[in-house]
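Below, each chain spelled out in residue letters.
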Amino acid sequence: MLYYYYLEYICRAYFQLVLLVRAEHLNLEEILGNLCITLIYTVSMIRLRAFDTQQIKTLFSTIVDAEKLILQDPDPEVRKIYLAVVRRNKVSHFVFFICGWMVSFLYFLHPFFMELPTMKVNNETITLKTLPLSTWWPIDVQKHYWTAYCWNVFDGTLGSSFVIDSDMLAFSLVVFAVCRLDILSYRLQRLQLAGGQTSQQVNWEIFRNLIVQHQEIIAYVDTFNDGMKYVMLFDFLQCSVQLATITLQLLVMKINFQNVLFVGVFLITMVMRLVIYYFNGNEIIYKVKYCSQQLAIDIWMTDWYKQSHNVKHMLLFFSIRAQRPLKFLIGPFGVLSLETFITIIKATYSYMMLFVNTSK
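Residues numbered from 1 in each chain as written. Predicted model: local features only at pLDDT ≥ 70, side-chain atom pairs only at ≥ 80, totals over all residues. Heavy atoms only, no water.

**Quick word on the overall build of the protein**
Okay, so step 1: The helix and strand tally for the protein stands at 9 helices and 4 strands.
Okay, so step 2: Mapped in sequence order, the helices and strands of the protein form the string α-α-α-α-β-β-α-α-α-α-β-β-α.
Okay, so step 3: Partitioning the intrachain contacts of the protein with sequence separation of at least 6 by distance along the chain shows that 79% fall at a separation of at least 24.
Okay, so step 4: Carbon and sulfur atoms form 64% of the exposed surface of the protein, whose accessible area is close to 19,100 Å². (Helix = DSSP H or I, 4+ residues; strand = E, 2+ residues; numbered from the N terminus. Contact = heavy atoms within 4.5 Å. Areas by Shrake-Rupley, 256 points an atom, 1.4 Å probe, with all protein chains shown as cover.)

This is the structure:
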């Protein structure tokens, strides 16, 4: 019920955007504010729908099962690696959670600190009350302002909950793959092949387990891409526009402490979510490349030439399989990486310059 109500709110927001764009006198501040919120709400709606697919449900089940095995691992260093990643993930979640709700709280208070528009009616100047979020209303907002305000705050609270919670879930999906690679890298570094005929079966089992773990990571990333790559594509396409509209609000707003704080916290929060996504996506690419190189060194330093044919075959198979690049996809043509993050920042600057030059 909440999801479809959320969908209805987004439709009202887009309808209001159309009305604003077609108006005789453009209200740039409201248009930019509408775009900022409506775009990020739309992404979260699509992300929530993706979470309901079989692929992403499978990932959640995979994480739960894998976590139990990791926490029961006899090697304390493996548990230490996992818990260290969990702590970092909790810290990033906490900071993002606080910043996200601070933005929402500032949005709810913003109408009381901004310069309100006025309109002349029968030679009388009337101050028009403004709501936190730009959306179409079936009632007269000026006559029923407090009803509309409370309704608007409810819409904003629901939207913020969906945005913040769905982003934190998606962060965890990405970070978990990085954690599994850290554990695999640690096991490769500790790899020691025993000599002698009696140890051949042990060596074969060791490498078989490493191959299974590596295949699980590959399957995890492939499943994530199947369920989320087009969600990440839409997120990528709207990020530059959203960051530009957030920053451009300073050009059309009255410069004061409240407005600078409002836009500043909003901008920091949106950049933070991009850093979490794209930094961890870049870590996947880097760690796979590092593991491949480290594997070749580790194997060379062992007595691989003394192993049985089956063990040699397993070593070769694993070495070849480890050369496959792993990456989180943005649709069919992009990847989550720091290079893509820089592309978003460059596009944001281009949109801002386009707006400034057009307004001149």
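**Section: helix α4 (residues 76-109)**
Okay, so step 1: Taking 1.5 Å as the rise per residue, α4 with 34 residues should run 50 Å; its terminal C-alpha atoms sit 49 Å apart, in good agreement.
Okay, so step 2: For α4, the capping residue at the N-terminal end is D75, with a side-chain oxygen 3.0 Å from the backbone nitrogen of E77. (Expected span 1.5 Å × (residues − 1). Polar contact = N/O pair within 3.5 Å; in protein donor to acceptor, adjacent residues only side chain to side chain.)

**What about the packing of helix α1 (residues 2-22) against helix α5 (residues 145-189)?**
Okay, so step 1: The interhelical angle for the contact between α1 and α5, taken along N-to-C directions, is 115 degrees, at an axis separation of 11 Å. As summarised for this structure, α1 and α5 are arranged roughly perpendicular, according to the angle between their axes. In this structure, the crossing between α1 and α5 has a hand that is left-handed. Contacts between α1 and α5 involve L2, Y3, Y5, Y6, Y9 and R12 from the former and W151, F154, D155, L158, G159, F162 and V163 from the latter.
Okay, so step 2: Here the residues of the contact of α1 with α5 sort into 10 nonpolar, 1 polar and 2 charged. (Axes fitted to C-alpha atoms, helices over the stretch in contact; angles between N-to-C directions. Parallel < 35°, antiparallel > 145°, perpendicular 65-115°, else oblique. Left-handed = near helix turned anticlockwise from the far one by under 90°. Nonpolar A, V, L, I, M, F, W, Y, C, P; charged D, E, K, R; others polar.)

**Structural notes on the environment of W136**
Okay, so step 1: Topologically, W136 is positioned in the loop between β2 (124-127) and α5.
Okay, so step 2: Residue W136 is classed as partly exposed on the basis of its relative accessible area, which comes to 33%.
Okay, so step 3: A C-alpha to C-alpha distance of 8.4 Å links W136 and Y14, two positions 122 residues apart in sequence.
Okay, so step 4: If we ignore the near neighbours within four places in the chain, the residues touching W136 are R12, F15, Q16 and L19. (Buried < 20%, exposed > 50% of the residue type's maximum accessible area, 1.4 Å probe, protein only.)

**Regarding the environment of V263**
Okay, so step 1: Turning to its location among the elements, V263 is positioned in helix α7 (residues 257-300).
Okay, so step 2: V263 gets classed as buried once you look at its relative accessible area, which sits at 3%.
Okay, so step 3: Not counting residues up to four positions away in its chain, the partners in contact with V263 are I246, Q249, L250 and M253.

**Quick word on the packing of aromatic side chains**
Okay, so step 1: According to the stated counting rule, one finds 20 aromatic pairs in the structure shown.
Okay, so step 2: Aromatic pair Y5 and F154: ring centres 5.7 Å apart, planes at 55 degrees, arrangement tilted. Highlighted residues: Y5 in helix α1 and F154 in helix α5, separated in sequence by 149 residues.
Okay, so step 3: Of the residues examined, F154 reaches a relative accessible area of 43% and is grouped as partly exposed.
Okay, so step 4: Aromatic ring contacts, followed pair by pair, group Y6, Y9, Y41 and F162 into a single cluster.
Okay, so step 5: Over the ring of W137 we find R12; its NZ or CZ atom is 5.2 Å from the centre of that ring. (Phe/Tyr/Trp six-rings, centres within 6.5 Å; stacked < 30°, edge-to-face > 60°. Lys NZ or Arg CZ within 6 Å of the ring centre and 35° of its normal.)

**As for a nonpolar patch on the surface**
Okay, so step 1: A contiguous nonpolar patch, built from V91, F94, V95, F97, I98 and M102 and spanning about 520 Å² of accessible area, is present on the exposed surface.
Okay, so step 2: With respect to the helices and strands, the residue V91 is situated in helix α4.
Okay, so step 3: What makes V91 exposed here is its relative accessible area of 52%. (Patch = residues over 30% accessible without salt bridge, like charges linked within 9 Å, V, L, I, M, F, W, Y side chains within 5 Å. Salt bridge = Lys/Arg side-chain N within 4 Å of Asp/Glu carboxyl O.)

**Here we look at helix α3 (residues 54-71)**
Okay, so step 1: Taking 1.5 Å per residue, 18 residues should reach 26 Å; α3 reaches 26 Å between its end C-alpha atoms and fits that length.
Okay, so step 2: When α3 is considered as a whole, its buried residues turn out to be I56, L59, I63, A66 and I70. Projected onto a plane normal to the axis of α3, the buried residues spread over an arc of 80 degrees and lie on a single side. The outward face of α3, more than 90 degrees from its buried face, is lined by the exposed residues Q54 and L69. (Arc of directions from axis to C-beta.)

**Some points on the pattern of salt bridges**
Okay, so step 1: Per the counting criterion, the structure on display carries 10 salt bridges.
Okay, so step 2: The residue R47 makes a salt bridge to D235 at a minimum N-O spacing of 3.5 Å. Pair noted here: R47 is in helix α2 (residues 28-51) and D235 is in helix α6 (residues 200-252), with a separation of 188 residues, a long-range link. Accessibility classification places R47 together with D235 in one group, the buried group.
Okay, so step 3: One network of salt bridges, in which partners are shared, links R47, D167, D235 and R273.

**Structural notes on the nonpolar core**
Note that soluble globular proteins tend to have their nonpolar side chains buried in a common cluster.
Okay, so step 1: By size, the foremost hydrophobic cluster in this structure holds 78 residues, and its most contacted members are Y41 and Y278.
Okay, so step 2: Residue contributions to this core peak at 19 residues, all from α5.
Okay, so step 3: When neighbours within four sequence positions are excluded, Y278 is seen to be in contact with F236, I330, L336, S337, L338, T340, F341 and I344.
Okay, so step 4: Core analysis: the second largest hydrophobic core is formed by 8 residues, L131, W137, Y145 and V153 among them. (Core = buried A, V, L, I, M, F, W, Y, C linked by side-chain atoms within 4.5 Å.)

**Let's talk about the packing of α1 against α2**
Helix packing geometry: the angle between the two helix axes and the distance between the axes.
Okay, so step 1: The interhelical angle for the contact between α1 and α2, taken along N-to-C directions, is 150 degrees, at an axis separation of 10 Å. On the basis of their axis angle, the class for α1 and α2 is roughly antiparallel. Handedness of the α1/α2 crossing: left-handed.
Okay, so step 2: Counted by class, the contact of α1 with α2 contains 18 nonpolar, 5 polar and 2 charged residues.

**Quick word on the side chain of Q242**
Okay, so step 1: With respect to the helices and strands, the residue Q242 is situated in helix α6.
Okay, so step 2: Relative accessible area serves as the criterion here: at 1%, Q242 is assigned to the buried category.
Okay, so step 3: Excluding its chain neighbours within four sequence positions, the residues that come into contact with Q242 are C36, L39, I40 and M270.

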